[in-house]
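# Examining the three-dimensional arrangement
For reference, the chains in residue letters:
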Amino acid sequence: MAGVEMVTKTGYSNIATDGDDSIKMPIKKDSNGVLLSYEDAASTYEHWSMQFMNPLFIKGYTEKGITHKDLGVVSNQDKSSKLYDDFWEQWLIEAKKPVKQRSLWKVLWRSVGYGKPAWGLLLYFIFCALQFIPVLMLNILMSYLEGKTELSDLQLWIIVALMFLIPLSSSVIVVQSNALFAHLGIEFRNALIMAIHHKSMR
């Protein structure tokens with residue numbers, strides 16, 4: 001990632017500041033000098049852990065609040081210009097069909113792609129499946145405490161570790177699923193807004 005512009009403030013190594021010591025948001029650019037959103041500029045770890053949101057939280061907590069400028073630029077996947085180009089391409093294909101067979105819903109889905117909702121649903125199903133594991137672990141642990149089951153020290157530690165790690169992992173997974181569907185809603189909205197705007201300007 002090229003072109004990271006920031007000045008370090010003590011205690012906030014990833015937060016940029018100006019001369020008056022107020023916290024400024026980190027500015028990141030790609031190799032072409034184009035500004036990136038915090039999400040687009042995030043590493044894999046920052047993306048899954050939502051660490052890229054920390055500058056906003058820190059600024060909102062330590063100062064009076066955040067401004068519109070602090071939110072940064074729109075994520076590339078949510079930009080109306082790109083979404084409308086994809087939407088229009090798919091609409092031209094759909095317009096060749098008889099009127100009764102045309103579907104705006106199909107155009108929208110083909111515009112944003114099926115990969116994002118499929119991945120979001122898969123993550124959500126994994127999250128739902130993981131919710132059963134702590135309950136099963138707790139049942140096993142209660143059976144051991146009641147003297148109905150014999151467990152070794154290693155097995156006990158594994159159960160305890162799973163009861164901590166599974167909820168933590170499932171929280172990370174469901175947050176990613178929610179973020180994907182949030183992007184999906186934004187993309188639907190932006191594509192439709194641009195389509196309605198172009199229609200009204202004709």
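All of the points below concern the structure found in this document. (Residues numbered from 1 in each chain as written. Predicted model: local features only at pLDDT ≥ 70, side-chain atom pairs only at ≥ 80, totals over all residues. Heavy atoms only, no water.)

Counting its secondary structure elements, the protein contains eight helices and five strands. Start at the N end of the protein and walk to the C end: the helices and strands fall as β-β-β-β-β-α-α-α-α-α-α-α-α. Put simply, the protein has 202 residues, and 30% of those count as buried. In the protein, once contacts between residues fewer than 6 apart in sequence are set aside, the share between residues at least 24 apart is 58%. Only carbon and sulfur atoms are counted for the fraction: they give 65% of the accessible area of the protein, which is about 13300 Å². (Helix = DSSP H or I, 4+ residues; strand = E, 2+ residues; numbered from the N terminus. Buried < 20%, exposed > 50% of the residue type's maximum accessible area, 1.4 Å probe, protein only. Contact = heavy atoms within 4.5 Å. Areas by Shrake-Rupley, 256 points an atom, 1.4 Å probe, with all protein chains shown as cover.)

This part is about the nonpolar core. Counting 11 residues, the largest nonpolar core is built from Leu83, Tyr84, Phe87, Val107, Leu108, Trp109, Val112, Leu184, Phe188, Ala191 and Ala195. When contributions to this core are tallied by element, the ones reaching two or more residues are α4 (80-95), α5 (104-112) and α8 (153-200). (Core = buried A, V, L, I, M, F, W, Y, C linked by side-chain atoms within 4.5 Å.)

Moving on, we get to the pattern of salt bridges. The tally for this structure, following the rule as stated, stands at five salt bridges. A salt bridge links glutamate 94 to lysine 97, with the shortest nitrogen-to-oxygen separation between them at 3.3 Å. Note that glutamate 94 and arginine 110 form a salt bridge whose closest N and O atoms lie 2.8 Å from each other. Of the two residues, glutamate 94 is situated in helix α4 and arginine 110 in helix α5; the sequence distance between them amounts to 16 residues. (Salt bridge = Lys/Arg side-chain N within 4 Å of Asp/Glu carboxyl O.)

What follows is about helix α3 (residues 54-62). Restricting attention to buried positions, one finds in α3 the residues Pro55, Leu56, Ile58 and Lys59. Around the axis of α3, the buried residues are gathered within 165 degrees of arc, so they sit on the same side. Exposed side chains of α3 directed beyond 90 degrees from the buried face belong to Phe57 and Tyr61. (Arc of directions from axis to C-beta.)

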